[in-house]
Amino acid sequence: MEWKLTTDKDWLKLEKQFSWVEAMRNVPQDPIHHAEGNVAIHTQLVLEQLQQSNIYRRLGRQRQELLWAAALLHDVEKRSTTVVDGQGRISSPSHARKGAQTAREILFRDVETPFSLREEIVGLVRFHGLPLWLMDKVDPMRSALEASLRVNMLELKLLAEADAQGRICQDQGALLDALELFELYVKEIDCWESPRSFSTPNAQFTYFNSADGYVDYIPFDNFRSTVIMLSGLPGMGKDHYIANYNKDIPVISLDDIRRKYRIEPTDRKRNGWVVQQAKEQAKIYLRQGQDFIWNATNITALMRKQLIDLFVSYQAYVELVYIEKPYRQWRVQNRDRAYPLPDAVLDKMLHNLEVPQLTEAHELRYIVE
């Protein structure tokens, strides 16, 4: 069955259906870069330009729906990031990053969306400005290769092209030139039609996690143990995964440590101590070359990186396992748990959720219903 964000794409009806669309009319933009007006006007122009594209029209209907949804959402968080400086200039720093998180939240909670499609839309929102500014990045190759693991680069260019054409500005010609350079460069580094392939999982991990990583470097695989790091919101089924795991290996569970010492999950002051206790136990296993499972929510990339850096420093192979159930099932499962969390806590964690990506570990598995 074909997924659609909505069946009626009339703008006035979109405003009535989605509060975040209605909010766009109240978000100003810098007149130098967006003389057309507010975010609502710009977004409508972007949608028009996208649908007029010959390449877009040749895509299958599902790909069109995916791109249309990404275009509608691409500036959704200008509402929360827009600022005016002392000279009256308007900017929206980090709106793509925050917009990606909001897009994920909307497509998980409000509009039931298949996981793979949802994460592609999230990626397009996250990287929608990359084709325009790729060559200004400190490491253009790494930025492009990372994006190619999450989105189709031709479709990303289509979205960026519509974004550039759907505005009134003096530098539009330069923006369109940047898009052509983007396509040439991405084809040159071999990630236009599909992500660039690496020789081994360790080669890919090392490239994306080393300050001076070389794309063709093949490191020697000399792992002493395997760490299975679980990731997922509370109540998604991580404990169920462990109960059905077919190998008898130790489990380090932050929840178990909290319960042992009667520490609430919301107790920020003592949770640092809980994590430290878990790390000390992990170090014992790592020194012994013992495989183990790390059981915690691990919902942000920074949280995961701090732990993965520790595991890798002891020559561990890290398998990252993300677990997700549909929104309504998740809420029911949380209520049925022995230790349910308040809805307000779950809402906050969902808003902060960053789904793990292929660059983060040696291996990544999604267990998604």
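On a predicted model such as this, the values are computed, not experimentally measured, just so you know. Per chain, residue numbering runs from 1 following the sequence as it is written. Per-residue local features are limited, in this predicted model, to residues with pLDDT of at least 70; the limit for side-chain atom pairs, both in listing and counting, is 80 or more; totals at the level of whole chains, interfaces and linings are taken over all residues. Hydrogens and waters are ignored; side-chain quantities use all the structure's heavy atoms.

Trainee: Looking at this structure, how should I read the overall build of the chain?
Mentor: In this description a helix means any DSSP run of H or I spanning at least four residues, a strand means any run of E spanning at least two, and both kinds are numbered starting from the N terminus. Secondary structure assignment for the chain yields 19 helices and 7 strands. Between the two quantities, the radius of gyration covers C-alpha atoms and the globule rule is 2.2 Å times the number of residues to the power 0.38. Against the 2.2 N^0.38 benchmark of 21 Å for 369 residues, the chain shows a C-alpha radius of gyration of 22 Å, consistent with a compact globule. With respect to the principal axes defined by its C-alpha atoms, the chain has extents near 60 × 50 × 45 Å. Expressed as a percentage of the 369 residues in the chain, the buried residues total 51%. Note on definitions: a residue-residue contact is assigned when non-hydrogen atoms from the two residues lie within 4.5 Å. Put simply, 70% of the contacts in the chain that link residues at least 6 apart link residues at least 24 apart. Accessible surface, the chain: about 18300 Å² in total, of which carbon and sulfur atoms supply 49%. Counted as positive: Lys and Arg. Counted as negative: Asp and Glu. His and the chain ends are not counted at all. Just so you know, the charge point we use is NZ for Lys, CZ for Arg, CG for Asp and CD for Glu. The average position of the 47 basic charges and that of the 51 acidic charges among the side chains of the chain differ by 6 Å. Each residue is assigned to one of three classes by its accessible area relative to the maximum for its type, calculated with a 1.4 Å probe on protein chains only: buried under 20%, partly exposed between the two thresholds, exposed over 50%. Under the convention used here, a 1.4 Å probe and the Shrake-Rupley method define accessible areas, while residue burial counts only the protein chains that appear.

Trainee: How should I be thinking about the nonpolar core in this particular structure?
Mentor: In a soluble, globular protein the nonpolar side chains are often hidden away together inside. Here, the term nonpolar core denotes a set of buried Ala, Val, Leu, Ile, Met, Phe, Trp, Tyr and Cys residues that are joined through side-chain atoms within 4.5 Å. One finds Leu5, Trp20, Leu72, Leu73, Ile121 and Met153 to be the most contacted residues of the largest nonpolar core, which totals 59 residues. Element by element, the count of residues in this core is highest for helix H5 (residues 61-73), at 8 residues. When residues no more than four places from it in sequence are discounted, the contact partners of Leu72 are Leu5, Trp11, Leu14, Trp20, Val21, Met24, Thr43 and Leu47. Membership of the second largest hydrophobic core comes to 24 residues, among which are Ile263, Leu286, Ala316 and Leu364.

Trainee: What's the story with the side chain of Glu324 in this structure? I'm lost.
Mentor: Within the fold, Glu324 resides in strand S6 (residues 316-324). In terms of polar contacts, Glu324 uses its side chain to reach the side chain of Arg118, at 2.7 Å. Once residues lying within four places of it in the same chain are set aside, the contact partners of Glu324 are Phe108, Phe115, Arg118, Met236, Ile367, Val368 and Glu369. Definition of a polar contact: a pair of N or O atoms within 3.5 Å, with one able to donate and the other able to accept a hydrogen when the atoms are protein atoms, and with sequence-neighbouring residues admitted only if both atoms are side-chain atoms.

Trainee: I'm lost on the sheet that holds strand S4 (residues 251-253) in this one. Help?
Mentor: Think of a sheet as strands paired side by side through backbone hydrogen bonds, with each pair either parallel or antiparallel. The pairing criterion for strands is at least two bridges between them, as found by DSSP. One open sheet holds the 5 strands; their spatial order is S4-S5-S3-S6-S7, and the pairing between them is parallel. At either end of the open sheet lies a strand with only one pairing partner, and these are S4 and strand S7 (363-368). Adjacent strand axes in the sheet meet at a mean angle of 20 degrees when their direction is disregarded. Both strand S3 (residues 225-231) and S6 contribute to a ladder of 7 bridges, which runs parallel. Among the inter-strand pairings, Val227 is bridged to a residue of S6, identified as Val318. Set on the sheet, helix H16 (residues 268-288) makes contact with S3, S4, strand S5 (292-295) and S6; between it and S5 the angle comes to about 165 degrees. For helices, the fitted line uses only the C-alpha atoms of the stretch in contact; every axis is such a line through C-alpha atoms, and the angle between N-to-C directions lies from 0 to 180 degrees.

Trainee: It is not clear to me how the pattern of salt bridges should be interpreted in this structure. Could you clarify?
Mentor: Two side chains bearing opposite charge may form a pair once their charged atoms approach each other closely. Whenever a carboxyl oxygen of Asp or Glu lies within 4 Å of a side-chain nitrogen of Lys or Arg, that contact is scored as a salt bridge. Going through the model one piece at a time under the given rule, you end up with 31 salt bridges. Among the salt bridges present, the one from Arg337 reaches Asp255, with a minimum N-O distance of 4.0 Å. One end of the pair, Arg337, is in the loop between helix H18 (327-336) and helix H19 (343-352); the other, Asp255, is in helix H15 (residues 254-260), and 82 residues separate them in sequence. Overlapping salt bridges, with partners in common, bring together Asp255, Asp256, Arg258, Arg259 and Arg337 in one network.

Trainee: Hey, could you run me through the UniProt feature "domain: HD" (unreviewed entry) in the chain in this one?
Mentor: The sites that UniProt annotates as "domain: HD" (unreviewed entry) are residues 55-163. Along residues 55-163 one finds 68% helix and 4% strand; the C-alpha atoms at either end are 15 Å apart. UniProt positions are given in the numbering used here, feature names are shortened, and annotations may be inferred rather than shown by experiment.

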